[in-house]
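Letter by letter, the chains look like this.
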Amino acid sequence: MPIPFRDADEAEALGTAGYLRIDASQDNRVFRGALFLVNVRGEPIEFTYNEVKIPSTFLWRQEDIRRHAARNLTTSLLATCRKVPQFIICLAEEVDHQLFCNEIHLSIPVGRIASPSKSTPHSELEVQADIEDPQPLHLFWFPGKPADESPENRLLSKLVTRGLLLEPFDRALVGLREAYPDQVGRDPTE
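None of these values were measured; they are calculated from a predicted model.

K.L.:
Just to check I follow, could you spell out the overall build of the protein chain for this structure?
P.N.:
Within the protein chain one finds five helices and seven strands. Reading the helices (α) and strands (β) of the protein chain from amino to carboxyl end gives α-β-β-β-α-β-α-β-β-β-α-α. Computed over the C-alpha atoms, the radius of gyration of the protein chain is 17 Å, within 12% of the 16 Å expected from 2.2 N^0.38 for a compact globule of 190 residues. With the C-alpha coordinates of the protein chain rotated into their principal frame, the extents come out at 70 × 40 × 30 Å. For the protein chain, buried positions account for 48% of its 190 residues.

Next up, the structure:
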């Protein structure tokens, strides 16, 4: 007879968190993105990636290139990801507020992480929350912050407690470097 047990982490019940990375070549002609899903323990669940090449930069306004690439990468990653995470978080320095507030609307919350020491443009449609990880961080949520007792918020709290709020971004970048070894991405700690 098996010994009864229960998963103390509620790993199945809490679901997964999605980490969106978008990395650009130095000349802004190639953009690569990854959507990395982890569970509450930080274990990898799914990794999807893609790249977009901008053929002729002289036809583009500089401010539109990154937005175009981010939108195309994100839609392709969302379309190929087989699981639906509880939320997606991304780095505010890589994803501006227009992507999820104006161009792509998801049925799950999206949080953009920013350091309070940097001036981060954000939308009035986003809800700001502050987190200690252990350094203070701003999280700009759209369409809103997960409710306090929701599975999304419990998952986020456990990820923060375990030091997994930012670390999966590093693994996603390593994954992109392995998938596309011809181009080195930026280090997120730079």
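K.L.:
Is there a simple way to think about helix H4 (residues 151-161) in this case?
P.N.:
Turning to H4, its buried residues number three or more, namely Asn153, Leu155, Leu156, Leu159 and Val160. Mapping the buried residues of H4 onto a view down its axis gives an arc of 160°, with all of them on the same face. Among the residues trailing H4, glycine 163 stands out with phi positive, at a value near 70°.

K.L.:
Looking at this structure, how should I read the sheet that holds strand S6 (residues 127-132)?
P.N.:
Strands pair in a sheet through their backbones, by hydrogen bonds, and they do so in one of two ways: parallel or antiparallel. Strand order across the open sheet formed by seven strands is S3-S2-S1-S4-S5-S7-S6, with mixed pairing between neighbours. A strand with exactly one partner marks an edge of an open sheet, and here the two such strands are strand S3 (44-53) and S6. Averaged over all neighbouring strand pairs, the angle between strand axes comes to 25°, with direction disregarded. Across nine bridges, strand S2 (residues 30-38) lies against S3 in antiparallel orientation. Looking at S3, one finds that leucine 35 is bridged to threonine 48. The strands that helix H2 (residues 62-80) touches are strand S1 (17-24), S2, S3 and strand S4 (87-91); relative to S3, the one it contacts most, it runs at about 140°.

K.L.:
I tried to follow the packing of aromatic side chains on my own but got confused; where do I start?
P.N.:
What characterises a pair of aromatic rings is the spacing of the ring centres plus the angle enclosed by the ring planes. The full count for this structure, using the stated rule, is five aromatic pairs. Note on phenylalanine 87 and tryptophan 141: the rings are 5.8 Å apart at their centroids and 90° apart in plane angle, and the pair reads as edge-to-face. Of the two residues, phenylalanine 87 is situated in strand S4 and tryptophan 141 in strand S7 (residues 136-142); the sequence distance between them amounts to 54 residues. The exposure classification of phenylalanine 87 matches that of tryptophan 141, with both residues buried.

K.L.:
Can you walk me through the pairing of S1 in this structure?
P.N.:
Side chains on a regular strand alternate between the two faces of the sheet. Burial runs high along S1: eight of the eight residues are buried. In S1, alternate side chains face the same way, and those of Ala17, Tyr19, Arg21 and Asp23 on one face and Gly18, Leu20, Ile22 and Ala24 on the other are all buried. Taking the residues between adjacent antiparallel strands as the criterion, S1 and S2 are bridged by five residues, where asparagine 28 takes a positive phi near 55°. Judged from the four bridges that link them, S1 and S4 form a sheet pairing that is parallel. Residue pairing across strands places tyrosine 19 opposite isoleucine 89, the latter belonging to S4.

K.L.:
Explanation requested: H2 in the structure shown.
P.N.:
Turn by turn, an α-helix covers 3.6 residues, leaving residues three or four places apart pointing in a common direction. Taking 1.5 Å per residue, 19 residues should reach 27 Å; H2 reaches 28 Å between its end C-alpha atoms and fits that length. Turning to H2, its buried residues number three or more, namely Asp64, Ile65, His68, Ala69, Ala70, Leu73, Thr74, Ser76 and Leu77. Contacts from the buried residues of H2 go to S1, S2, S3 and helix H3 (97-103).

K.L.:
How should I be thinking about the environment of leucine 164 in this particular structure?
P.N.:
Residue position: leucine 164 is located in the loop between H4 and helix H5 (167-179). Looking at leucine 164, the relative accessible area reads 10%, which means it is buried. Sequence separation of leucine 164 and asparagine 153 is eleven residues, and the distance between their C-alpha atoms is 14 Å. Excluding anything up to four places from it in sequence, leucine 164 contacts Tyr19, Val40, Arg41, Gly42, Leu159 and Arg171.

Rules used throughout
Residues numbered from 1 in each chain as written. Predicted model: local features only at pLDDT ≥ 70, side-chain atom pairs only at ≥ 80, totals over all residues. Heavy atoms only, no water. Helix = DSSP H or I, 4+ residues; strand = E, 2+ residues; numbered from the N terminus. Rg over C-alpha atoms; globule rule 2.2 N^0.38 Å. Buried < 20%, exposed > 50% of the residue type's maximum accessible area, 1.4 Å probe, protein only. Arc of directions from axis to C-beta. Pairing = 2+ DSSP bridges. Axes fitted to C-alpha atoms, helices over the stretch in contact; angles between N-to-C directions. Contact = heavy atoms within 4.5 Å. Phe/Tyr/Trp six-rings, centres within 6.5 Å; stacked < 30°, edge-to-face > 60°. Expected span 1.5 Å × (residues − 1).

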